Amino acid sequence: MQRGLGVRAMSGVNRKEKKFAKLMRNQPSNITFSSSSDPGAGRSGMGSSESQTDSPHYSCFTHHQGVNGGHVQQQQVGSSHQPSCYGDRQRGSHRGGFRGQRGSSRGNYRSYVQEIPKIITATNFAQARAAEINAMLKAVAHKSSSQFLQSLPPAMRRRAMSHNIKRLPRRLREIAKKEVEKIAQLKKEQSKSKSRKARRRHGNLLMEFNRRQRKNIWLETHIWHAKRFHMVKKWGYCLGNKPTTKSYRACYRAMSKQCLLQDLSYSCCLELSGTEDNLLKTLGRLSSRDAGTTFASVACLSGKRQGSLVLYKADQYPTKPLGPVTFLWRPKTPSENRQLWIWAHPALKMDLLTELQLVCQCLDVPVPEPAPSECKTITHVTANQTVPGLKRKLQDNAGEEVIPEKKIIGDGTRDPLQTVTWTSLTSGIVIEDLTMEILRYRLIGPLSHCVMFEALQAAAILKNSEGREESGLRCWWSEYCKRPENMTLHNGQEGVLLLLPGIASPAEIPAGTVLGLTVGDPRLNMPKDRTTAMPDPTQVKDLEKIRELCLNGVGAEFAQSEIWDRNVRNIVTETKLTEQELNQMRSKLLVPGSRLDLGPQESKVPILLVQQPGKMAGQEHTGWGSGWDILIPKGWGMAFWIPLIYRGARAGGLQEGAKHTQYKGLPHFPDDFPDCPAGIQHSMETEKELIGKYKKYPPAKRPNYIHHGTMTPFRCPWQQLVEDWKTQNQDGSFKLAGSDQEQGLRPEMQVSSREYVGVHEKEISSEEKPLKLEEEMEEESESVTTLEPNIGCENLQNPSTGDRCSESGHVSILRSRKLLKQISTWCRPTSSKGQQTRRYVGSAQVQMTADAVKAIICSHPRFLVWVRLSLLKKGSPVTNATICIPSEEDLHLLASEPNCPGPQEPKHRDPFKHQFKASKSQKKRAFSQDPETAAGDLQRKPVASCGKDLIRGLWPDRPQNVMSHCSRLTIGFVTQGDFSLTVGCGEALGFVSLVGLLHMVSSQPAERRGLALVRCPASLQYRFAKIDIEV
């Protein structure tokens, strides 16, 4: 029992001591205590008990050293001297005295001994405490929101007092009432909505959507995509990147066997109008026949074909390109002026618009696109606009009717009633911006024309007695039907539409075929459930017309459409029936679920159908990815989108569009255009984004690209690559593997090469060749460019000094079709893994001599060539992979061991390892000494000798000697790479240096030309691949 009482007494003492230590822990560090070891010393910090009692003047004072100014001050802690000191001494002796001997780590109680001052100055004492007094007065004057509760002692506070003022004492009720009213008024002014139900009202929701479109333009299908896609903000638009579901292979199957639907309405459309001669003369400066199609192509100029080309700056071909565009001429009309639509990527719009304004000599400067943060929605705003979430009134205080909020149709960053045009006073050419005025949907796949045929129906022809009671806005179709030639044209276009189900694939129709049509409202013939459109061979009757359609396409007269007329487009947009009106009409049907027949009141929509060609380059998988493009007036986006989805079309986003371009073997804009301003800007943004993502991972969880020998894992150093190869060409000369006679691409050499890669080709003797093949050989030999040894050596490309990146004037892509055909013949592309083999019939007449190679190198020293690489064995290349030249040992290894994976790159040494260690140790020392100033010192004194912040695993400096940095010479990089579902093996698309490619081809044996090595950035393994240049 006594032992228990002793334990309780000890625990009570310990609690008191802990409480006292807790109080003393918060005291300032300048409180001094005596160094006396007297255990009976009190805890008032006054030294020994004897010295305290002998001096009554100082016995009841606690000594502090002033913080401000370093003055010594005294503070009285008791009113009477002796009783207070006596009580402190008694309490100290009772508690065992000051516990300084147990350690002073928490409170630092036993610091240094300071002598007690004999006098103090009142002014200095008040000056040192002025800041504390001001803070105290400020806190008392400005009461907080909960001051009325804090004024009560803790024992009287209740939680219910904050909700019910009557529970407070009467003396505090008035103060509390004022505070509550003030807080309520403040919340009422700041709140945007009362509840979710108020926010989801149609009017308030519409206002919120219009507000959100100020920064990024929304497509008409944005709400539909936002529920099903990952949205990204690019080029001033909010676009769907990829579906939220796992549908990578499903989208590929849709492109290959069914139908894939994409919304390309973000593409910018520019309309040029003027005389045909002035337009051709002006636009001829932006392109060249050497690169392929031009604006003056016969089929395109008539209006029955759509063309595509790469535009350059005026008279700057083959350097300084702008980017790829597609164009469409309006068929000839009785008027002398012609209309031309140019479709361009939004990243290319401003560069193209500026160049067109300079070429056409327009006086007005083009209005630049507003920045994402500066875009403003053009809406009807009243004087007393309502706050979102509050109930809107039909009339304002003055009794005037309030204009309701309208849905944004088209580009919300500008006034829809104003046209953006630029006029040339010299040539009379008018440039008009039709961005978001015309919507563009793309159907990809063999069933795209079946989906389109079931979703669209030609408009019914009105008789003379019909349509007279329509309003002025709806009378355009009745006026159109009054002319017999228009009815003949409409019947012919409808007849062509009826022939589409008899065609197996859109690839059977000539590329770029244009068909004009006027259709009814597609919402009226929608199925109840989602179906899949399939071809019906039993409905095919006229096979002769189908055969003629596949051979010659659609005539130029059937390409006419009223969508070219701006007035008709505005009428069609304004007279569209809303979903609410259609549903109200459906509710009045006698038989629920039957088709709604509006008769003459049905909207008539003019559209254009444009055949989209699939894979055209090369001989493998020709026609894959073909489809149709539908051009629709604005405001009808969802009215056409939902019927197409209900016919079995699968929606795709930007990722599916990039894969579609990759499988076709075409460069994707702006990723694969390193010589264009938009491509350079995109490369810089991508590199910055990837570096930021790379830095988020710890060093142990990310690859060390220095060890892998990759100098630029997040971008392709095209400028440095072509400069290295140019220097290499100037230092040495190219030597062919054999004599000039052995370098000819003879048929027997082709046979040995086919056996090497595992694909056999039957020999064709000269006696068995028919006359037609001989004629083709003669034509192809004439088409090959004849090069003299010294032509072009003096006219080297001069670096341009542009405002953009320095690479813009030094690197160019070779787009000359004749030169590409010749180089493609020299590379002799082969096939693997079941791919079809191209037969170069006329290539036997081509000779690859040293003079011809040298002439091409002298005339094109800084050019890149677009190539396709197919891996011979396993492996999947990725973006920014390296394309290298195989050595002789590598070729012998592949010949002796056909199943070998390939050579390996030796591991590289990290030259920045010691700098990383030095920076790490310096940071540790700096933070251990003074953590507050360590960060500033490290910023002012960089550790790295290179002058830049080191990132472990990346080269900090500009890449040097990119060509020979690794054990194999580098000739190019991969821009698109993945496992190809079309071929069944790893495929890559990229660029190689023209000088390096010719060096590789000329140094390889004739039976092994076209073989290269591909290595991923985070790997040391090389993979054998074959190079193919498809023209």
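Each value, and the rule that gives it
Residues numbered from 1 in each chain as written. Predicted model: local features only at pLDDT ≥ 70, side-chain atom pairs only at ≥ 80, totals over all residues. Heavy atoms only, no water. Buried < 20%, exposed > 50% of the residue type's maximum accessible area, 1.4 Å probe, protein only. Helix = DSSP H or I, 4+ residues; strand = E, 2+ residues; numbered from the N terminus. Contact = heavy atoms within 4.5 Å. Polar contact = N/O pair within 3.5 Å; in protein donor to acceptor, adjacent residues only side chain to side chain. Pairing = 2+ DSSP bridges. Axes fitted to C-alpha atoms, helices over the stretch in contact; angles between N-to-C directions. Salt bridge = Lys/Arg side-chain N within 4 Å of Asp/Glu carboxyl O. Patch = residues over 30% accessible without salt bridge, like charges linked within 9 Å, V, L, I, M, F, W, Y side chains within 5 Å. Areas by Shrake-Rupley, 256 points an atom, 1.4 Å probe, with all protein chains shown as cover. Lys, Arg positive; Asp, Glu negative; His and termini not counted. Charge placed at Lys NZ, Arg CZ, Asp CG, Glu CD. pLDDT = per-residue confidence, 0-100. Arc of directions from axis to C-beta. Phe/Tyr/Trp six-rings, centres within 6.5 Å; stacked < 30°, edge-to-face > 60°.

Trainee: Help me understand helix H19 (residues 566-574), please; the structure alone is not making it clear to me.
Mentor: Two residues of an α-helix separated by three or four positions point the same way, owing to the 3.6 residues in each turn. For H19, the full list of buried residues reads Arg566, Val568, Arg569, Ile571, Val572 and Thr573. Buried residues along H19 sit against strand E10 (337-344), strand E12 (430-433), strand E13 (438-444), helix H16 (476-481), strand E15 (605-612) and strand E16 (627-633). The N-cap of H19, judged by a side-chain oxygen 3.2 Å from the amide nitrogen of Asn567 a few residues on, is Asp565.

Trainee: Would you mind going over the side chain of Thr712 with me for this structure?
Mentor: With respect to the helices and strands, the residue Thr712 is situated in the loop between helix H23 (677-696) and helix H24 (718-731). In terms of polar contacts, Thr712 uses its side chain to reach the backbone carbonyl oxygen of Arg715, at 3.1 Å. Among residues more than four places away in sequence, those in contact with Thr712 are Pro717 and Pro959.

Trainee: So what exactly am I meant to see when it comes to the pairing of strand E23 (residues 1011-1015) here?
Mentor: On any regular strand, side chains alternate: one points to one face of the sheet, the next to the other face. Counting buried residues in E23 gives five out of five residues, a clear majority hidden from the surface. Going residue by residue along E23, you find Leu1011, Leu1013 and Arg1015 tucked away on one face and Ala1012 and Val1014 tucked away on the opposite face as well. Two strands pair when backbone bridges link them, and strand E20 (residues 882-884) and E23 are joined in this way by three bridges, in the antiparallel orientation. The residue bridging Cys884 from the neighbouring strand is Leu1013, located in E23. Bridging between E23 and strand E24 (residues 1023-1028) involves four bridges; their strand directions are antiparallel. Following the sheet pairing, Leu1013 is matched in E24 by Phe1024.

Trainee: Whenever I open this one, the sheet that holds strand E5 (residues 237-243) confuses me. Can you help?
Mentor: Here we have three strands laid out as an open sheet, ordered E3-E5-E4, and mixed in their pairing. Of all strands in the sheet, those bounded by a partner on one side alone are strand E3 (217-218) and strand E4 (229-234). Summarising the sheet, E4 and E5 pair through six bridges and their orientation is antiparallel. Looking across to E5, one finds that Val232 is bridged to Leu239. Relative to the sheet, helix H22 (residues 654-663) contacts E4 and E5, its axis offset from that of E5 by approximately 70 degrees.

Trainee: What is the right way to read the pattern of salt bridges from this model?
Mentor: A pair can form between side chains of opposite charge whenever their charged atoms are brought close. A full pass over the atoms with the stated rule returns 25 salt bridges. The closest approach of N and O atoms between Glu437 and Lys634, which form a salt bridge, is 3.3 Å. A residue pair is termed long-range when its members are at least 10 positions apart, and Glu437 in the loop between E12 and E13 and Lys634 in the loop between E16 and helix H21 (637-646) qualify at 197 residues. The residues Glu437 and Lys634 share a single accessibility class, namely buried. With its nearest N and O atoms 3.7 Å apart, the salt bridge here joins Arg868 to Glu987. With Arg868 in strand E19 (residues 863-871) and Glu987 in strand E22 (residues 985-993), this pair connects stretches of sequence that are 119 residues apart. Residues participating in the shared-partner salt-bridge network are Lys615, Glu620, Arg868, Glu987, Asp1028 and Glu1030.

Trainee: Just checking my understanding: could you explain a positive patch on the surface for this structure?
Mentor: Together, Lys907, Lys913, Lys917, Lys920, Lys924 and Arg952 make up a positively charged patch on the protein surface. Tracing the sequence through the fold places Lys907 in the loop between helix H30 (888-896) and helix H31 (913-929).

Trainee: Help me out: how do you make sense of the environment of Val610 in this one?
Mentor: Mapped onto the fold, Val610 is located in strand E15. Its relative accessible area of 0% is what places Val610 among the buried residues. Each C-alpha atom, one on Val610 and one on Val514, is 4.6 Å from the other, the two residues being 96 residues apart in sequence. Once residues within four sequence positions are removed from consideration, Val610 is found in contact with Gln306, Thr513, Val514, Gly627, Trp628, Asp629 and Leu631.

Trainee: Explain the confidence of the model for the protein here, please?
Mentor: When pLDDT is low, close inspection of the predicted coordinates is not appropriate. When pLDDT is averaged along the protein, the result is 75; 71% of the residues meet or exceed 70. Here helix H26 (residues 747-757) stands out as the least confident element of the protein, with mean pLDDT 33; strand E6 (residues 260-263) is the most confident, with 95. Here residues 737-809 scores under 50 on pLDDT; set against residues more than four positions off or in separate chains, the count is 106 contacts. Segment residues 938-947 is flagged for pLDDT under 50; beyond a separation of four residues in sequence, or across chains, it makes twelve contacts in the model.

Trainee: Can you walk me through helix H18 (residues 543-552) in this structure?
Mentor: Listed in full, the buried residues belonging to H18 are Ile546, Leu549 and Cys550. For H18, the angular spread of the buried residues around the axis is 95 degrees, confining them to a single face. Away from its buried face by more than 90 degrees, H18 exposes Glu544 and Leu551. Buried residues in H18 make contact with helix H17 (484-499). Of the residues trailing H18, Gly553 is marked for its positive phi of about 80 degrees.

Trainee: Looking at this structure, how should I read the packing of aromatic side chains?
Mentor: For any two aromatic rings, the description comes down to two numbers: the centre-to-centre distance and the angle of the planes. Evaluated as defined, the whole model comprises 22 aromatic pairs. Centroid distance Trp341 to Trp564: 3.9 Å. Interplanar angle 20 degrees. Geometry classified as stacked. One end of the pair, Trp341, is in strand E10; the other, Trp564, is in the loop between H18 and H19, with 223 residues separating them in the sequence. With a relative accessible area of 0%, Trp341 lands in the buried category. Judged by relative accessible area, which is 3%, Trp564 ranks as buried. Ring geometry for Trp866 versus Phe991: centroids 5.0 Å apart, planes at 65 degrees, classification edge-to-face. In this pair, Trp866 is assigned in strand E19 and Phe991 in strand E22, connecting sequence segments 125 residues apart.

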